[in-house]
Amino acid sequence: MSKSPHPSSPPRPIPSSILIIGSGAFGLSTAYALARHPDFKKTAITLVDRHPFPAPDGSSIDSSRIIRADYADPAYAALAAEAQEHWRGEWGADGRYHEVGLCLTAEPGKEDYVVKSLENVRALEGLRREAASAEGGGEGRSRGEGTNIQPLRSPADIQAALHTGGTIGSSGYLNLSSGWADAEASMRYLRALVAATKRVAFLTDTVARLLFSSSPSAPTKVTGARLASGTSLTADLTILAAGAWSPTLLDLRGIAAARGQCIGYMRVSADEAARFAQAPVVLDLSSGMYVFPPSADGMVKVAWHSFGWANPVRIAHPERGGVAGASGHAAGTGEGEGEREGEEPIITVSVPRTSHQRPAQQPIPREGQQALHAFLASTHPSLAARPFARTRLCWYTDTPRGDFLITYHPRYDGLFVATGGSGHGFKFAPVIGDKIVDILLDKSEVMEEGGWGRRWGWPTERLAEGGWTLDGSRGGGKGMVLESEEGGRRAEKL
Ligand SMILES: Cc1cc2nc3c(=O)[nH]c(=O)nc-3n(C[C@H](O)[C@H](O)[C@H](O)COP(=O)(O)OP(=O)(O)OC[C@H]3O[C@@H](n4cnc5c(N)ncnc54)[C@H](O)[C@@H]3O)c2cc1C
């Protein structure tokens, strides 16, 4: 039995079976933490994903993700610093992590995030130094004049830090303790860790809907999932970790929403790759644009951390039985699929539209393409006129303040939600599973005031998306939508 945070409430029983939906960073990290946790040693753990691993359009699968403790919020900065210790160890081995530095920049009047982030990483660097000297390790791995953090006070300072011939922003700083990870390789590493526990059964199938049971005497319970293949999986506890697809399986309106983000990949020559090899990752927090040094396959990746594009689709209410699902799977009327009262039969939610559904090249909105090019023209002038070899819309699961959503469902027993990555969840893969399991067990240290369990809990109200501020790091305009179906290249303001 796990401990309850409230002396008066009974401890939650340990489930004898757990079904995890989604094998991205959140689902796999959860599976790994559960598989190693002694409380769950008798629990049967199943992980289902709609694709054989790795999911080609999963948000965790890509050539790169930024690994940084550079957050304006000190709590995320500290958690990221904890995760980074893993990236510097086994997680980052075999070329999975590159600590090449991160250059954060901004324009006058938009420096708030950068200023706060600088304060936080300086404090963290101080702590690292203290720890290193307490262990007799001197100053640790600092470069330059004893610090890994260099303020950049002018465009010329930034240009010198970039090593690309270009510049962006008016001021900022370079943090040599940050870098980037090969996301797909890191997920393969995590998948192998999970497989090695021999505790998790992996299944490939699409969850068409959650299974609900209710009776007049008991609260509604989620009892597992109905699969597109027609079979059902039952479990004492279902963990929804389907990333940007989660809002198609549960009504998350006003709580979490899928937003498409633009990425461009540009091929560079071997000479250019050598020239840019010293470049840090660059993240401009006035525009939300960022660019990575060339990957091993000779691609420079540039992307836009923006408010993103919605793809509104009318779908059958996921918590209502008996109607066709978003992807056209017959929801069926099997056992335990009673309708919940008071819910509209059809709702509109943003549903990811990915290159997997649209073979060949996934077009990104023209505005996104232009913004990526304009940014590259500043940071890498020699690449200004080059076309992208490939573009991609990758999907964030945004929440109103950019916090993750990691919590039991307030209304359905047997359902736990682990999503809401909000465009910054990947770096936490080495530690998020343990936090998820702590919350699942109602551990008092995470559930008390100020703990992650409270912060990532189910919100007290659903907030209309116009009121979402995210975490202050996004660029671009709010309220963009992909044009429906055929004209998927253009975007309009809502
Ligand atoms: C463009 C982009 C850039 C980013 N950059 C960074 C960064 O630099 N640093 C950082 O830390 N984070 C970054 N992030 C955020 C990070 O990648 C995500 O927060 C994280 O990967 C989300 O993981 P997830 O497990 O929630 O989702 P996913 O990785 O998408 O996993 C969800 C899984 O659920 C499966 N699934 C969906 N529906 C079903 C269904 N019905 N049935 C069965 N399976 C289903 C999918 O196939 C998928 O494998 C970025 C994200 C994007 C999109």
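Let us look at the structure shown here. (Residues numbered from 1 in each chain as written. Predicted model: local features only at pLDDT ≥ 70, side-chain atom pairs only at ≥ 80, totals over all residues. Heavy atoms only, no water.)

1. Looking at the side chain of His-37
As a reminder, the rule being used: Working definition: helices are DSSP H or I runs of at least four residues, strands are E runs of at least two. Numbering for both runs from the N terminus. Contacts described as polar in this section are N or O atom pairs within 3.5 Å, which, within protein, must combine one atom able to donate a hydrogen with one able to accept it, while residues neighboring in sequence count only if both atoms come from side chains. Here, residues are in contact when the closest pair of their heavy atoms is within 4.5 Å.
Relative to the helices and strands, His-37 resides in the loop between helix 1 (25-36) and strand 2 (44-49). Of note is the side chain of His-37, whose polar atom sits 3.0 Å from the backbone nitrogen of Asp-39. Dropping the residues within four chain positions of it, His-37 is found in contact with Val-437, Leu-441 and Lys-443.

2. Side note on the packing of aromatic side chains
Which entries qualify depends on this criterion: The pairing test for Phe, Tyr and Trp rings, Trp by its six-membered ring, is centres within 6.5 Å, and the orientation test on the planes gives stacked under 30 degrees, edge-to-face over 60, and tilted for anything in between. We call a residue buried when its accessible area falls under 20% of the maximum for its residue type, exposed when it is over 50%, and partly exposed in between, using a 1.4 Å probe and counting protein chains only.
Counted under the stated rule, the structure contains 18 aromatic pairs. Summarising the aromatic geometry, the rings of Phe-26 and Phe-404 are spaced 5.4 Å apart at their centres and angled 85 degrees between planes, so their arrangement reads as edge-to-face. With Phe-26 in helix 1 and Phe-404 in the loop between strand 21 (390-398) and strand 22 (405-408), this pair connects stretches of sequence that are 378 residues apart. Across the pair, Phe-404 and Phe-26 agree in class, each one buried. On the basis of an interplanar angle of 45 degrees and a centroid distance of 6.1 Å, the ring pair of Tyr-71 and Phe-428 is categorised as tilted.

3. Considerations on the sheet that holds strand 10 (residues 207-215)
Worth spelling out the cut-off: Two strands make a pair as long as DSSP finds a minimum of two bridges between them. Geometry is summarised by axes, namely lines fitted to C-alpha atoms with helices restricted to the contacting stretch, and by angles between N-to-C directions that run from 0 to 180 degrees.
A sheet is described by the order of its strands in space; here three strands give the open sequence 10-11-12, paired in antiparallel fashion. Both outer strands of the open sheet, strand 10 and strand 12 (232-234), are each paired with one neighbouring strand and no more. When the angles between neighbouring strand axes are averaged without regard to direction, this sheet yields 35 degrees.

4. Describing the sheet that holds strand 3 (residues 65-67)
Strand order across the open sheet formed by three strands is 3-8-4, with antiparallel pairing between neighbours. In this open sheet, the two strands that pair with only one neighbour each are strand 3 and strand 4 (97-98). Bridge count between strand 3 and strand 8 (residues 179-181): three bridges; the pairing is antiparallel. For Ile-67, the partnering residue across the bridge sits in strand 8 and is Gly-179.

5. A word on the environment of Pro-155
Its location among the elements puts Pro-155 in helix 4 (residues 155-162). Classification of Pro-155 as partly exposed rests on a relative accessible area of 39%. Counting along the chain gives 13 residues from Pro-155 to Ile-168, while the straight-line C-alpha distance between them is 6.7 Å. Filtering out sequence-adjacent residues up to four positions away, Pro-155 remains in contact with Thr-167, Gly-169 and Ser-170.

6. Some points on the site of the ligand
The line we're drawing: We call a residue near a given molecule or strand whenever any one of its heavy atoms falls within 4 Å of it. For the accessible areas, the method is Shrake-Rupley and the probe is 1.4 Å, while residue cover comes only from the protein chains on display. Gly counts as polar in this scheme, as do all residues outside two lists: the nonpolar Ala, Val, Leu, Ile, Met, Phe, Trp, Tyr, Cys and Pro, and the charged Asp, Glu, Lys and Arg.
Surveying the vicinity of the ligand reveals 33 residues, the closest of which are Asp-49, Arg-50, Ser-60, Ile-66 and Cys-394. In the model, a nitrogen atom of the ligand is placed 3.4 Å from a nitrogen or oxygen of the Gly-423 main chain. Here an oxygen atom of the ligand and a backbone polar atom of His-424 are 3.1 Å apart. Bound to the protein, the ligand loses 97% of the 1000 Å² it would expose on its own. Secondary-structure elements contributing two or more residues to the shell around the ligand are helix 1, strand 3 and strand 21. Element by element, the count of residues in the shell around the ligand is highest for strand 21, at three residues. Among the residues forming the shell around the ligand, the class breakdown is 15 nonpolar, 13 polar and five charged.

7. Thoughts on unusual backbone geometry
Geometrically, the link from Phe-53 to Pro-54 is a cis peptide bond, its omega value of -5 degrees lying close to zero. With respect to the helices and strands, the residue Pro-54 is situated in the loop between strand 2 and strand 3. Phi at Lys-198 is positive, roughly 55 degrees, even though this residue is not glycine. With respect to the helices and strands, Lys-198 occurs in the loop between helix 5 (183-197) and strand 9 (200-204).

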